[in-house]
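So you can see what is in the structure, the chains are spelled out below.
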Amino acid sequence: MTFQIVKPFQIEIQGSIIDLIDLCIEAKNDFDTSGELTLEKQEQIWLDAKDDRLTRSARIEGINARKGITLDFANLNTLEESILKNRDELEVINLLKADNFLHQKAKDGDSTISVELIKQVHKIIVNDSPRYDHDELTPGKFAEATKTFPGARMVTGANWEPVYWENIESYMEEVCRLYNQSLGKTHSIILACWLHHVI
């Protein structure tokens, strides 16, 4: 069975999750009415959460990042001039650059996504990484069926097959279309979880 996209509005959400989202909405409304959530405060919250957020992202990608490493690397200008000790440091820096890139996009008020944006983020993350130094893997491009990666792809232990190579681009276009259609209609937390699942 090929993986099917469940539309965001078709997701069945448990009552406990709805309760948590309601608490988030209530807290945000309190901040909005109090005037405490200034742009400066929002920026500080983003910075304070950076270490946990990126350390966890790194671990998901199999990057060895100790807690605190992203704070050590917070100044990208210094980093770019420094000599990197290993592959993991380079990849953490790339994650930081991608995080900054997306944060700026959000600050500009643009919440939409596109295939081009996904490719841009991919290019930032894998740039110059030895892990991705392979003739058939190009930063900023989707993988294609080759002699090395022929036919259907497989996920160990799954009862479904990932999207076929030749359908990846159209699949991602559909994901982006559904995401953009759902902005403002589906809560951002649910939408973020959905996007993580389908990609």
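For the structure itself, look to the data block above.
Residues numbered from 1 in each chain as written. Predicted model: local features only at pLDDT ≥ 70, side-chain atom pairs only at ≥ 80, totals over all residues. Heavy atoms only, no water.

A. Molecular detail of the pattern of salt bridges. Under the counting rule described, the total for this entry stands at three salt bridges. One salt bridge connects Glu-169 with Lys-119, and the closest N-O pair in it is separated by 3.2 Å. With Glu-169 in helix 7 (residues 168-182) and Lys-119 in helix 6 (residues 115-126), the pair connects residues that are 50 residues apart, well separated along the chain. Residue class for Lys-119 comes out buried when judged on its relative accessible area of 18%. (Salt bridge = Lys/Arg side-chain N within 4 Å of Asp/Glu carboxyl O. Helix = DSSP H or I, 4+ residues; strand = E, 2+ residues; numbered from the N terminus. Buried < 20%, exposed > 50% of the residue type's maximum accessible area, 1.4 Å probe, protein only.)

B. Inspection of the nonpolar core at higher detail. Grouped together as the largest cluster of nonpolar side chains are 18 residues, with contacts concentrated most on Ile-113, Tyr-171, Val-175, Tyr-179, Trp-194 and Leu-195. Sorting the residues of this core by element identifies helix 6, helix 7 and helix 8 (188-198) as the ones contributing at least two each. With seven residues, the top contributor of residues to this core is helix 7. Filtering out sequence-adjacent residues up to four positions away, Leu-195 remains in contact with Ile-113, Val-175 and Tyr-179. (Core = buried A, V, L, I, M, F, W, Y, C linked by side-chain atoms within 4.5 Å. Contact = heavy atoms within 4.5 Å.)

C. Layout of the environment of Phe-142. Take Phe-142: it is sitting in the loop between helix 6 and helix 7. Taking the C-alpha atoms as reference points, Phe-142 and Lys-119, separated by 23 residues in sequence, lie 7.7 Å from one another. Not counting residues within four places of it along the chain, the set of residues in contact with Phe-142 comprises Val-115, Ile-118, Lys-119, Ile-168, Glu-169 and Met-172.

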